[in-house]
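# Structural overview
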Amino acid sequence: MGISRHADHLRPGRPLRRRRLFAQLLPERHVRVGHHLPGHSRLLLLAGETEEVAAAVKYFVSGSRYIIRLDAGEKVVGSLLSLCERERIGSGFFNGLGAVGEAELGHFNPATGDYSWTQFSGPYEIVSLYGNITRVEGKPFLHAHASLGDKTFAVRGGHLREAVVSVTCEVTLTRFKDDIGRKKDAATGLFLLDPKPDEG
């Protein structure tokens, strides 16, 4: 799949351009964050949040790579999913770094088949941010892990559900030629990678 018409005018070497995208809604929460970023109270990770928040994602395209900058108050997972939907990206890989003020990390317990989720209020440096993009039921699916370091240099890591940028987040996303899907695994209940071109 080639670059969509929305990015035809973007060329390497040009300044980052602001594009209006709509962030995907966060999954329903079971806990509430007790702190928020100054000036960004609307972007709290709230239980059962239903408000759709507009995100202005700045990026340009260089070959098969998207060079992305997220600013303070923007959601990492929601913004990347919105970009993938807008640009019709069906598979890829991304990595990033930066800083966040809030994040929710999870740990999967194979014995119970459930995730345990913990929310953190920073500031935190993004020590590492890695993930892939596939498709589930025709929509972009983002699988991301993150490691976050605090002011004592302690690091927390796990499956990234969502995070809110506090200063900046710089992401490089590489788009694959073929769309790749996932299939639900009966044993774990998870949508596992199906390593072949997705024809659905």
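Thresholds applied
Residues numbered from 1 in each chain as written. Predicted model: local features only at pLDDT ≥ 70, side-chain atom pairs only at ≥ 80, totals over all residues. Heavy atoms only, no water. pLDDT = per-residue confidence, 0-100. Contact = heavy atoms within 4.5 Å. Core = buried A, V, L, I, M, F, W, Y, C linked by side-chain atoms within 4.5 Å. Buried < 20%, exposed > 50% of the residue type's maximum accessible area, 1.4 Å probe, protein only. Helix = DSSP H or I, 4+ residues; strand = E, 2+ residues; numbered from the N terminus. Phe/Tyr/Trp six-rings, centres within 6.5 Å; stacked < 30°, edge-to-face > 60°. Salt bridge = Lys/Arg side-chain N within 4 Å of Asp/Glu carboxyl O. Expected span 1.5 Å × (residues − 1). 1 Å grid on protein atoms, 1.4 Å probe; cavity = no way out; pocket = protein on both sides within 12 Å on 5 of 7 lines; lining within 4 Å. Points joined across faces, edges and corners; volume = space filled by probe spheres on them. Nonpolar A, V, L, I, M, F, W, Y, C, P; charged D, E, K, R; others polar.

### Comments concerning the confidence of the model for the protein
- For the protein, per-residue confidence averages 77 on the pLDDT scale, and residues scoring 70 or more make up 72% of the total.
- Residue range residues 1–55 is modelled with pLDDT below 50. Its contacts to residues more than four positions away, or to other chains, number 133 contacts.

### Considering the nonpolar core
- Ile 68, Val 76, Phe 94, Leu 129 and Leu 160 are the most contacted members of the largest nonpolar core, which has 32 residues in total.
- Only strand S2 (54–62), strand S3 (65–71), helix H1 (76–87), strand S4 (92–109), strand S5 (114–136), strand S6 (139–149) and strand S7 (155–175) provide two or more residues apiece to this core.
- The contact partners of Leu 129, leaving out residues within four places of it in the chain, are Val 76, Phe 94, Asn 95, Gly 96, His 145, Ala 146, Leu 160, Cys 169 and Val 171.

### Remarks on the packing of aromatic side chains
- Scanning the entire structure with this criterion turns up 5 aromatic pairs.
- A centroid spacing of 6.2 Å and a plane angle of 40° characterise the contact between Phe 93 and Tyr 130, whose relative ring orientation is tilted. In this pair, Phe 93 is assigned in strand S4 and Tyr 130 in strand S5, connecting sequence segments 37 residues apart.
- Note on Phe 93: relative accessible area 34%, which makes it partly exposed.
- Residue Tyr 130 is classed as partly exposed on the basis of its relative accessible area of 46%.
- When the ring of Phe 120 is compared with that of Tyr 124, the centres are 6.2 Å apart and the planes differ by 80°; the resulting orientation is edge-to-face. When sorted by exposure, Phe 120 lands in the same class as Tyr 124, which is buried.

### Regarding the pattern of salt bridges
- Throughout the structure, instances matching the rule amount to 4 salt bridges.
- Taken together, the salt bridges that share partners define one network made up of Lys 58, Arg 69 and Asp 71.

### Thoughts on H1
- The end-to-end C-alpha distance of H1 is 17 Å, a good match for the 16 Å that 12 residues give at a rise of 1.5 Å each.
- All of the buried residues in H1 are Val 76, Val 77, Gly 78, Ser 79, Leu 80, Leu 81, Ser 82, Leu 83, Cys 84 and Glu 87.
- Where H1 ends, the next residue or the one after it, Arg 88, has phi of about 55°, a positive value.

### A short note on the environment of Ala 163
- Mapped onto the fold, Ala 163 is located in strand S7.
- Relative accessible area serves as the criterion here: at 3%, Ala 163 is assigned to the buried category.
- As a C-alpha pair, Ala 163 and Ala 146 span 17 residues in sequence and 9.7 Å in three-dimensional space.
- Residues in contact with Ala 163, not counting those within four places in the same chain, are Glu 74, Lys 75, Val 76, Val 100, Glu 102 and Ala 103.

### Re unusual backbone geometry
- In the segment running from Gly 122 into Pro 123, the intervening peptide bond is cis, with an omega of 20°.
- Along the chain, Pro 123 falls in strand S5.
- Not every positive phi belongs to a glycine, and Arg 88 is a case in point at roughly 55°.
- A positive phi angle, near 55°, is found at Glu 137, a position not held by glycine.
- You can see Glu 137 is positioned in the loop between S5 and S6.
- Owing to a relative accessible area of 74%, Glu 137 belongs among the exposed residues under this scheme.

### Quick look at empty space enclosed by the protein
- The full count for this structure, using the stated rule, is 1 cavity of 30 Å³ or more.
- Secondary-structure elements contributing two or more residues to the lining of the largest cavity are S5, S6 and S7.
- In terms of residue class, the lining of the largest cavity is made up of 8 nonpolar, no polar and no charged.

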